[in-house]
Amino acid sequence: MTLSKTMTTIIAAATACAVLPAMAATQFDAEEKSKEISIAGYDLTQATDAKAILARIESAAKSVCKVDANRQTVRETMLRRECEKAAIESTVESLDAPEIAALIQN
């Protein structure tokens with residue numbers, strides 16, 4: 001089954017990170033960041049295609065959640081990882097692709 005969607009968007013919004021109240025406004029942008037990735041030509045029912053798309057989603061999440069500081073505190077690292085996790089989970093949920101969802105459960 002090939003999905004009819006050809007693009008999906010990774011979004012890391014300040015509201016998604018709002019559950020992390022200790023987020024320092026000076027270290028993290030309060031604006032919404034997003035990155036589009038193409039899923040055209042992939043059959044997400046195939047394990048190799050699902051893994052490839054998940055890798056692209058993870059890379060995009062790292063990009064939108066990155067902190068623009070050379071050094072990060074332990075707290076900032078934890079917040080960045082939580083942001084990445086939330087972005088990955090919300091993107092996979094929006095794709096409605098059980099094969100990819102199963103990969104992130106492992």
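Residues numbered from 1 in each chain as written. Predicted model: local features only at pLDDT ≥ 70, side-chain atom pairs only at ≥ 80, totals over all residues. Heavy atoms only, no water.

Trainee: Just to check I follow, could you spell out the overall build of the protein chain for this structure?
Mentor: Scanning the protein chain from N- to C-terminus turns up three helices and two strands. Secondary structure elements of the protein chain, listed N to C terminal, follow the sequence β-β-α-α-α. Within the protein chain, buried positions represent 33% of all 106 residues. In the protein chain, of all internal contacts separated by at least 6 residues, the share reaching a separation of at least 24 is 70%. Only carbon and sulfur atoms are counted for the fraction: they give 50% of the accessible area of the protein chain, which is about 6,600 Å². (Helix = DSSP H or I, 4+ residues; strand = E, 2+ residues; numbered from the N terminus. Buried < 20%, exposed > 50% of the residue type's maximum accessible area, 1.4 Å probe, protein only. Contact = heavy atoms within 4.5 Å. Areas by Shrake-Rupley, 256 points an atom, 1.4 Å probe, with all protein chains shown as cover.)

Trainee: Before we go on, may I ask you to explain unusual backbone geometry in this structure?
Mentor: Both trends apply: most residues other than glycine have a negative phi, and most peptide bonds are in trans. Even without being glycine, Asp96 reaches a positive phi, approximately 55°. Structurally, Asp96 is set in the loop between helix 2 (74-95) and helix 3 (98-105). The class of Asp96 is exposed, set by a relative accessible area of 61%.

Trainee: It is not clear to me how the state of the cysteines should be interpreted in this structure. Could you clarify?
Mentor: A full pass over the atoms with the stated rule returns one disulfide. The disulfide that involves Cys65 links it to Cys83, with 2.3 Å between the sulfurs. In this structure, the disulfide formed by Cys65 and Cys83 twists by about -70° around the S-S bond and is classed as left-handed. Residue Cys65 is found in helix 1 (residues 47-65), and its partner Cys83 is found in helix 2; the two are separated by 18 residues along the sequence. According to the relative accessible area criterion, Cys65 is buried, its value standing at 2%. (Disulfide = S-S within 2.5 Å.)

Trainee: I keep staring at a negative patch on the surface and nothing clicks. Help me out?
Mentor: A cluster of acidic side chains, namely Glu82, Glu89, Glu93 and Asp96, defines a negative patch on the protein surface. Assignment of secondary structure puts Glu82 in helix 2. Exposure remark for Glu82: the relative accessible area of 37% places this residue in the partly exposed category. (Patch = residues over 30% accessible without salt bridge, like charges linked within 9 Å, V, L, I, M, F, W, Y side chains within 5 Å. Salt bridge = Lys/Arg side-chain N within 4 Å of Asp/Glu carboxyl O. Lys, Arg positive; Asp, Glu negative; His and termini not counted. Charge placed at Lys NZ, Arg CZ, Asp CG, Glu CD.)

Trainee: Would you mind going over the packing of helix 1 against helix 2 with me for this structure?
Mentor: Packed helices, taken two at a time, are described by their axes: the angle between them and the distance between them. Packing of helix 1 against helix 2 brings their axes to within 9 Å, and their N-to-C directions diverge by 135°. Compared by their axis directions, helix 1 and helix 2 come out oblique. In this structure, the crossing between helix 1 and helix 2 has a hand that is right-handed. Here Ile53, Leu54, Ile57, Glu58, Ala61, Lys62 and Cys65 of helix 1 come into contact with helix 2, specifically with Arg80, Cys83, Glu84, Ala87, Ile88, Thr91, Val92 and Leu95. Here the residues of the contact of helix 1 with helix 2 sort into 10 nonpolar, one polar and four charged. (Axes fitted to C-alpha atoms, helices over the stretch in contact; angles between N-to-C directions. Parallel < 35°, antiparallel > 145°, perpendicular 65-115°, else oblique. Left-handed = near helix turned anticlockwise from the far one by under 90°. Nonpolar A, V, L, I, M, F, W, Y, C, P; charged D, E, K, R; others polar.)

Trainee: Any chance you could explain the nonpolar core here in plain terms?
Mentor: Note that soluble globular proteins tend to have their nonpolar side chains buried in a common cluster. Counting residues in each nonpolar core, the largest one holds 15 residues, and the members touching the most others are Ile53, Ile57, Ile88, Val92, Leu95 and Ile100. Going through the elements one at a time, helix 1 and helix 2 are the ones with two or more residues in this core. Of all the elements, helix 1 adds the most residues to this core, at six residues. Each residue touching Ile88, except ones within four places of it in the same chain, is listed here: Leu54, Ile57, Glu58, Ala61 and Ile104. (Core = buried A, V, L, I, M, F, W, Y, C linked by side-chain atoms within 4.5 Å.)

These figures come from the coordinates and say nothing about function on their own.
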